[in-house]
Amino acid sequence: MKAQAAFIALTAAALAAPGITPPAGAAPGAKIDFNRDIRPVLSRNCFFCHGPDEAQRKAGLRLDQAASARADLGGYRAITPGEPQESEILSRITAHDPEERMPPPESGKELTPQEIARIRDWIQDGAAYAQHWAYTPPHKHPVPAVGDPGWPRGWIDRFLLARLDAETLSPSPQADPVTLVRRLYFDLTGLPPSPQEIEDFLGDARPDAWERLADRLLASPAFGEHLAVFWLDLVRFADTVGYHGDQDHNISPYRDYVIEAFNSGMPFDRFTREQLAGDLLPGAGLDQKIASGYNRLLQTSHEGGVQPKEYLAIYAADRVRNVSQVWLAATAGCAQCHDHKYDPISSRDFYALAAFFADIDEARHFSEGSNELPTARPPELDVLSARDRRILEQLDLEIARLSLTESESNSTGPDRDRLRRLEARRAALAASTRRTMVSVSTSPRPVRLLPRGDWLDESGALIEPALPSFLDAAPSASALDAPDSSAPRLTRLDLAEWITLPEKGAGLFTARVFANRFWNLGFGNGLSKTLDDFGGQGEAPVHPGLLDRLALEFVECGWDTKHLLRLIVTSQAYRQSSLEPSSLRTRDPENRLYARQSRYRLPAEALRDNALAVSGLLRREIGGASVKPYQPAGYYRHLNFPEREYRHHADLRQWRRGLYAHWQRQFLHPMLKAFDAPSREECAAQRPRSNTPTAAMVLLNDPTFVEASRCFAERVLREAPSHFGARIEFAFRLAVSRSPDPAEAKTLRELLEFHLQGYRDAPEEAEALLQVGSAPPRPGLSAIEVAAWTSVARALLNLSETVTRN
Amino acid sequence: MNGLAPRAVVPSEPVLRLQRRAFLACGGAGIGFAALQTLLARASGAEPSPLEVRGRPGFPQHAPRARRVIFLCMAGGPSHLETFDYKPELARLHGQPMPESYTRGQPIAQLQGQELHCQGPMTQFRRHGASGQWISDFLPWQARLADQICVVRSMVTEQINHDPAHTFMNTGSAISGRPSMGSWVTYGLGAETDELPAFVVLTSTGGRDPQPIASRQWSAGFLPSRFQGVEFHSAGDPIHYLRNPAGISAAQQRAVVDALHQLDRRRHAAIANPEIETRIAAYEMAYRMQTSVPELTSISREPASILELYGAQPGDGSYASNCLLARRLIERGVRFVHLYHRGWDHHGDLKRYMGICCGLTDRPTWALLTDLQARGLLDDTLVIWGGEFGRTPMFQGKGGPGRDHHIKGFSMWLAGGGIRGGTRYGATDELGYHAVENPVHIRDLHATMLHQLGIDHSRFSVPFQGLDMRLTGVEHARVVRDILA
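Each chain carries its own residue numbering, running from 1 in the written order of its sequence. Chains and ligands are labelled sequentially in the order written, the chains with letters from A and the ligands with numbers from 1. In keeping with the predicted nature of the model, local features appear solely for residues at pLDDT of at least 70, side-chain atom pairs appear and are counted solely at 80 or more, and the whole-chain, interface and lining totals rest on all residues.

Attention now moves to the overall build of chain B. In DSSP terms, a helix is any run of H or I states spanning at least four residues, a strand is any run of E spanning at least two, and both are numbered starting from the N terminus. Of regular secondary structure, chain B possesses 14 helices and 17 strands. Whether a residue is buried, exposed or partly exposed follows from its count of other C-beta atoms within 10 Å of its own C-beta, namely 20 or more, 12 or fewer, or something in between, respectively; the C-beta atoms are built from the backbone. Across the 485 residues that make up chain B, the buried fraction comes to 60%. Residues are defined as contacting one another if the C-beta atoms placed from their backbone atoms lie within 7 Å. Here the contacts in chain B between residues at least 6 apart in sequence split such that 77% fall between residues at least 24 apart.

This part takes up the overall build of chain A. For chain A, the helix and strand inventory stands at 32 helices and 4 strands. The reference for a compact globule is 2.2 Å times residues^0.38; the radius of gyration itself is calculated from the C-alpha atoms. The C-alpha radius of gyration of chain A comes to 29 Å, within 12% of the 28 Å expected for a compact globule of 806 residues. Each principal axis of the C-alpha atoms in chain A carries an extent, and together these give about 100 × 65 × 55 Å. Looking at chain A as a whole, 54% of its 806 residues qualify as buried. Across chain A, contacts joining residues at least 24 apart in sequence account for 69% of those joining residues at least 6 apart.

We now examine the interface of chain B and chain A. The interface is formed by 76 residues belonging to chain B together with 85 residues belonging to chain A. Secondary-structure elements contributing two or more residues to the side of chain B that touches chain A are α7 (162-171), α9 (250-271), α10 (274-297), β16 (461-464) and β17 (467-470) of chain B. If you tally residues by element for the side of chain B that touches chain A, the top one is α9 of chain B, at 11 residues. Among the residues forming the side of chain B that touches chain A, the class breakdown is 32 nonpolar, 28 polar and 16 charged. Three categories are distinguished: nonpolar for Ala, Val, Leu, Ile, Met, Phe, Trp, Tyr, Cys and Pro, charged for Asp, Glu, Lys and Arg, and polar for the others, with Gly belonging to the last.

Attention now moves to helix α14 (residues 442-452) of chain B. All names here are of chain B. With 11 of 11 residues buried, α14 lies mostly within the body of the structure. Within α14, burial applies to I442, R443, D444, L445, H446, A447, T448, M449, L450, H451 and Q452. At the exit of α14 stands G454, carrying a positive phi of roughly 90°.

Moving on: the confidence of the model for chain A. The predicted coordinates should not be examined in detail at positions where pLDDT is low. Residues and elements named next belong to chain A. Of all residues in chain A, 94% have pLDDT values of 70 or greater, and the mean over the chain is 91. A low-confidence stretch, residues 1-24 stays under pLDDT 50, and its non-local contacts, those more than four residues away or across chains, total 66 contacts. Note on residues 473-483: pLDDT under 50 across the span, and 22 contacts to partners over four residues away in sequence or across chains. Per residue, pLDDT measures the predictor's confidence, with a range of 0 to 100.

The next subject is the packing of helix α26 (residues 693-701) of chain A against α10 of chain B. Comment: axis = line fitted to C-alpha atoms, over the contacting stretch for helices; angle = value between 0 and 180 degrees taken between N-to-C directions. Two elements in contact, α26 of chain A and α10 of chain B, have axes separated by 8 Å at closest approach and are oriented at 75°. As far as their axial angle goes, α10 of chain B and α26 of chain A are roughly perpendicular. Where α26 of chain A abuts α10 of chain B, its residues P693, A695, A696 and M697 of chain A lie against A282, Y283, M285, A286 and M289 of chain B. For this classification, under 35 degrees means roughly parallel, over 145 means roughly antiparallel, 65 to 115 means roughly perpendicular, and everything else is oblique.

Turning our eyes to something else, we now look at helix α30 (residues 763-770) of chain A. Residue and element names in this part refer to chain A. When we look at burial in α30, the residues that qualify are E765, A766, L769 and L770. One side of α30 carries all its buried residues, which in axial view fall inside an arc of 145°. Close packing links the buried residues of α30 with α27 (703-719), α29 (742-761) and α31 (783-798). Of all possible arcs, the one meant is that of the directions from the helix axis to the C-beta atoms.

Here the focus is the environment of D702 of chain A. Note on placement: D702 of chain A falls in the loop between α26 and α27. Taking C-alpha positions, D702 of chain A is 49 Å from L111 of chain A, a pair spaced 591 residues apart along the chain. Other than its neighbours up to four places away in sequence, D702 of chain A contacts M671 of chain A together with Y241 of chain B.

Quick look at the packing of helix α7 (residues 177-189) of chain A against helix α8 (residues 195-202) of chain A now. All names here are of chain A. One can describe the packing of α7 onto α8 by two numbers: an axis separation of 10 Å at closest approach and a directional angle of 120°. In terms of orientation, α7 lies oblique with respect to α8. Of the two elements, α7 crosses α8, and the hand of that crossing is right-handed. Here P177, V178 and V181 of α7 lie close against α8, whose contacting residues are I198, F201 and L202. Looking at the contact of α7 with α8, its residues break down into 6 nonpolar, no polar and no charged. Put simply, a crossing is left-handed when the front helix is turned counterclockwise from the back one by less than a right angle, and right-handed when it is turned clockwise.

What follows is about unusual backbone geometry. The linkage connecting M102 of chain A with the following residue, P103 of chain A, adopts the cis geometry, with an omega of -10°. With respect to the element layout, P103 of chain A can be found in the loop between α4 (88-93) and α5 (113-124). Although it is not a glycine, H244 of chain A sits at a positive phi angle of roughly 45°. Counting through the fold element by element, H244 of chain A comes out in the loop between α10 (221-235) and α11 (252-264). Here the phi dihedral of N438 of chain B falls at roughly 50°; this positive angle occurs in a residue that is not glycine. Here N438 of chain B shows up in the loop between β14 (435-437) and β15 (440-441).

Residues and elements named next belong to chain B. In this model, chain B carries a mean pLDDT of 88, and residues with pLDDT of at least 70 account for 89%. Contacts of residues 1-48 to residues separated by more than four positions or lying in other chains number 47 contacts, the stretch itself having pLDDT below 50. Scoring of the predicted complex yields 0.86 for pTM and 0.90 for ipTM.

Turning to the pairing of strand β3 (residues 133-136) of chain B, a few remarks are in order. Residue and element names in this part refer to chain B. Two strands pair under a simple rule: DSSP has to find at least two bridges between them. Inspection of the sheet shows strand β2 (residues 125-128) paired to β3 by 4 bridges, in the antiparallel sense. Looking at β3, one finds that R126 is bridged to I135. Joining the antiparallel neighbours β2 and β3 is a turn of 4 residues, in which G129 adopts a positive phi near 70°.

Let's shift gears to the environment of M169 of chain B. All names here are of chain B. The residue M169 is located in helix α7 in this model. The buried category is assigned to M169, around which 27 C-beta atoms lie within 10 Å. Distance in space between the C-alpha atoms of M169 and E158 is 9.1 Å, their sequence separation being 11 residues. Ignoring any residue separated from it by four or fewer positions in sequence, one finds M169 in contact with T157, E388 and I442.

Another point: the environment of P632 of chain A. Inspection of the secondary structure assignment puts P632 of chain A in the loop between α24 (604-615) and α25 (670-674). The sequence separation of P632 of chain A and L217 of chain A amounts to 415 residues, and the corresponding C-alpha distance is 35 Å. Not counting residues within four places of it along the chain, the set of residues in contact with P632 of chain A comprises P670 of chain A together with G236, D237 and H240 of chain B.

Residues and elements named next belong to chain B. With 6 of 6 residues buried, strand β7 (residues 336-341) lies mostly within the body of the structure. Taking every second residue as pointing to the same face, both faces of β7 are buried, with F336, H338 and Y340 on one and V337, L339 and H341 on the other. As paired strands, strand β1 (residues 68-74) and β7 are joined by 6 bridges and run parallel to one another. Looking across to β7, one finds that L72 is bridged to L339.

As structure tokens, then:
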């Protein structure tokens, strides 16, 4: 970090900088708000040299704190409240002389005239500083009054509508019921509704039909599977070690734990504790140990020539990045080499956080890790999932009951047969354990502050675990019975408690981070759109009052994820149409004000699941080891140690949900990758939503989708009355839950005729198409008809409407 | 050329003429026609395709010397001590204990905790060309390029294990999730074609037990995913899912795509979702690529003299074929080609494996530069050769004598694209351990590459997680001006 010029931004030309752009910023006529209007400007332009990082600070001036900014600098002050002309900062940001000008021209940063004017006004008004919004605990903002009390269903709607009122915008009308049902199914389960489920809802005249549907979906096992995807992205869950040989490692029971936790409604604070410190909980059971696999999810390496010390430092940094991003939306990783540039996170905070994990037994893999599949990552346990254990219990009961009957009476043949079958099933299930990495606490390794992150430099101080000090308002170590030198070392459990305790810890902050992410699940963007950065460079929420309210609600309801999601999806705002009038496109292109719902392409897993569901191929077993969908031959040819040949599963596992797909970090399945699923090397709080030719080729040509189209076609031919009108109606309802209009039917009829003709001329081509995939062709159907309808099905599965959550 | 190249295989006048007409020469109806349509559409003021990859406004930031890059990555880490860094003193100390003054406190990979001995060069070095560059006998063909390349003998990196070292070389950071340099370059400058991905990755067969290479190495990181590298496969479909499904003819595929467009357009008229137009464009480009990519990757259409120049056998997936493919790609407007050969991790039997790897790569490398020059493409194509690190002056004996990973000093070369050929820059100490004269960090290499492309690395950043991220990171990076023409 030699010269300030060495760290230079190209804000204007680069990606749209995170920050406030109209209309997401101030409501019309609003007063200047430090956090919303001033801090982002100072942070982006000034804090690099005049911020929290002491080593980098220029002229001893810091502008992120009022006292320093207003201090006497020898006859002048950077900021003199109420007197812009007496404020050095203003003369510097308006100076023409490049020697005087701030930020320095070589930094590439520049303030806009509007920003300069805003700073002038702010100083004029008294230059009031405020605690950074995300470091201020959420508080109960009063629910605002609205113009049309008929529209809101609850306080969520009132917060949103009040802002729309101020903008003289109106909310969108309610979406049509079919769109609504599809939206709710995709948002809560990641699966499409069946035509029957659509009918059921349309036929339900009860006033609370919507709430009932939400409750039913929240109670369905698919809910936990869908939420698991959200979680597994955050914690970077994958089936392989990530570095070098990228061997498989054992971790699938952890995924089952996550599904189960969401389905059973496990309170989020407990969910957090079990993952960070399940092994340390008093009376830790098997599930808690499986949960503690969280600490083992990171990328690891046993490449020949790794220096354990270096890699332990790499692992420590990886964990700090993940814990801070997942639970606190803090970019603490930045403090590995230096104090944070923008947020008050010191290097000491970083290493103190790392020290919590220094007890984890993990160094054995440097010597015991093998180039086999799976490799070894001790300590590991052989376990049954909670679900399997429940089934085992039921089997035991049933076996006991039958045995009793058998011994009491001279039992009949069927009973004896049944008993034998049950015993065989029990034995098979009991033997079907899977191995999984767990946390085991050992004597903690010493953790040193590494100057500039250099693991070879041993000159830094030894650091003990300590709770982060950067959430100023959250009581840190001191409130948790201040440790003195004689106090026992803080543990991962202390950290987990601190993260979730609302009064004594950072629980309210954590709740706000997740309230924002759950909102994202319902609206397609966050109230603060930087889902992973609540620091000074992140975006202040558009609706701080609403976000705080949601956070408090999350804590008050007992960290009940289902409750919070239910609150969101039963709002009137959620039910709005996602159609975008051109006026709104100009006024609010990013839909930050929620005058409509959002529409976006389905995530990768949902795209797969949707095609499988529509075709009737989808398997609904929950949990288990990862599965291997079809994949282009040779895709793993760059993997080595060992070399790998991918074999797709040729049994029912082929048609399981996308979340169970084998997650190879170095070579993520090309379908998942084409639709923006993350490699899970690092925390991913939000997936991009791209629209590329590669993705088009996947949906058109990937055998998974070709096979699904063919089975969809077979379904149409078998289940619908045998004339075109009925068949296309049936097919359309399966794919997009509505009837085709005459023009649509005509287009598809022509497509069908074209293909029928083609396959009559070349029936062997029809046979070839039917051979794609491993589902055997249905007997009794004409191959020519199936092949021709397969093309109709392909068109339907590729429709923008099919792949879009509206 | 120095007149060293065998005359018979220098591209002939017809080839050069073809090059001047490169655009329309791209072959057949496929790519040429579609590209022409695009051009005409643009000329008539029609809307650009929503997929067109444009550069950043104001880019290039200064007059570029290079418009594209071919990065020849010798994965595994070729020994500088057997290629470009001649160390007679190391030969003299051969077999002696390695002086501790060199190694104390240094990161060491597989030789951790072992006794360290000097290992003299395992081949001869000679001076070549008018410039008198020292180049080893392992590289007789690259020796002919002595006056065209600039050898940097003072490279320094920070990662001593392969996987992170590649990540560091390609993204400037060992932390996963950062964009690869090819993504950065295409993000900054955009594409010169909308028929092909702007950033293409090629990997080659052959050599020692090949290095694993993660797709992370061509990831777009936090940049939009259209900037990620697209790997062209030498076997099977050149791009995944490029081929129509079995039993679907080209006409049938077209009919499906047309029906899809009709239905989507109808829906678009009703709900006005601009994403639908982007989708239609994506499907169109996908459909075009189904025709143009197989044509492009089929090098069998090249004249026999060209195949002979490279030593390429169509369809063999070799480094030679990939070098030829790289030329075809950049001719068609691809911005960044990252070409891997994966056999260079020579912990033991170094002599044997150097023989194999150089045998597979040396001549094609020469051929690529020669061909580029003959076509007038070398002037604005920057070619970079090197591995993710070098190898120790110390002996390692997995099998016969070899060398361990080494990061404190190693060699790479650059050519074309405004680089001053026939020069050497920087030096390691007398044992080839530390870069002691004009060290060039990976960051400096990145800064120099960007500079030649017309980009000021210090003013090329993207906000991500609260930071202004740059390829060259936050530490000081410099453009190595001494090697520029």
